[in-house]
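Geometric and topological summary
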Amino acid sequence: MAVSVSTSTIPSLNSGCSNRFAAPSSSSSSLQFPLRVPQIRIGTTGLWSPSRPRVLLVKATKQTFSSFDDLLANTDKPVLVDFYATWCGPCQFMAPVLNEVSARLKDKIQVVKIDTEKYPSIADKYRIEALPTFIIFKDREPYDRFEGALTADQLIQRIENTLKVKQ
């Protein structure tokens, strides 16, 4: 079985709609979703929208492994795995959050996304029942597991606390 995962993510764009979400207006941890989503098209140099300037896309690093165990075995850093589905709204909310976490903790952890619909056997092995589900692996073993959308700061704090306590 071949496993294809991205070590960095880019929100998907489907049928001319954006999956960007509005930032919370208060300091609470509730998620807010826009009522109207602006149309965005992909141009040759990046994203384009009539209401904003062009933004260059950052290419995701896609790696293929012969198995998920191979992925875990071939890294010297802990791995944060995001189990997601393309139809899951909170999972889409987490895409830019994971990009930020990956950039801020690039020396401490590898961020990987696994689509549970493409790889149901991996999801079954780790008993993924809610989305998004995150598992932090260290030395090939699950160290921490949590579910639901978080802000970048909350996710970084969770990762750092887990790695500090469990080392």
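Calculation criteria
- Residues numbered from 1 in each chain as written.
- Predicted model: local features only at pLDDT ≥ 70, side-chain atom pairs only at ≥ 80, totals over all residues.
- Heavy atoms only, no water.
- Helix = DSSP H or I, 4+ residues; strand = E, 2+ residues; numbered from the N terminus.
- Buried < 20%, exposed > 50% of the residue type's maximum accessible area, 1.4 Å probe, protein only.
- Areas by Shrake-Rupley, 256 points an atom, 1.4 Å probe, with all protein chains shown as cover.
- Disulfide = S-S within 2.5 Å.
- Pairing = 2+ DSSP bridges.
- Right-handed = clockwise from strand over helix to strand, strands pointing away.
- pLDDT = per-residue confidence, 0-100.
- Contact = heavy atoms within 4.5 Å.
- Phe/Tyr/Trp six-rings, centres within 6.5 Å; stacked < 30°, edge-to-face > 60°.
- Lys NZ or Arg CZ within 6 Å of the ring centre and 35° of its normal.

Looking up the protein in an unreviewed UniProt entry gives the name Thioredoxin domain-containing protein, with the organism given as Carya illinoinensis.

A look at the overall build of the protein
Secondary structure summary: the protein contains four helices and nine strands in total. For the protein, the sequential pattern of α-helices and β-strands runs β-β-β-β-β-α-β-α-β-α-β-β-α. In the protein, which comprises 167 residues, the proportion classed as buried is 38%. For the protein, the exposed surface amounts to about 9900 Å²; the carbon and sulfur share of it is 51%.

What to know about the state of the cysteines
Going through the model one piece at a time under the given rule, you end up with one disulfide. Each sulfur of the disulfide joining Cys 88 and Cys 91 lies 2.5 Å from the other. Between Cys 88 and Cys 91, the S-S torsion sits near 75°, and that sign places the bridge as right-handed. Judged by relative accessible area, Cys 88 falls into the buried class, the value being 4%.

Examining the pairing of strand β7 (residues 110-115)
Of all six residues making up β7, six are buried, and the element is well covered by its neighbours. The pairing of strand β6 (residues 79-84) with β7 spans six bridges and is classified as parallel. Looking at β7, one finds that Leu 80 is bridged to Val 111. Remark: the β6/helix α2 (residues 89-104)/β7 crossover connection has right-handed handedness.

Some words on the confidence of the model for the protein
Mean pLDDT over the protein stands at 74; residues scoring 70 or higher make up 59%. Below a pLDDT of 50 lies the segment residues 40-49, which in the model reaches 26 contacts outside its immediate sequence neighbourhood of four places, other chains included. This model gives residues 52-60 a pLDDT under 50, and the stretch forms 17 contacts once residues within four places in sequence are excluded.

Quick notes on the packing of aromatic side chains
If you walk through the whole model with that rule in mind, you get five aromatic pairs. For the ring pair Phe 83 and Tyr 126, a centre distance of 6.3 Å and an interplane angle of 40° mean the geometry is tilted. Here Phe 83, found in strand β6, pairs with Tyr 126, found in the loop between α3 (120-125) and β8 (133-138); they are 43 residues apart in sequence, far enough to count as distant. Assessed through its relative accessible area of 0%, Phe 83 is described here as buried. Over the ring of Tyr 84 we find Lys 113, and its NZ or CZ is 4.1 Å from the ring centre.

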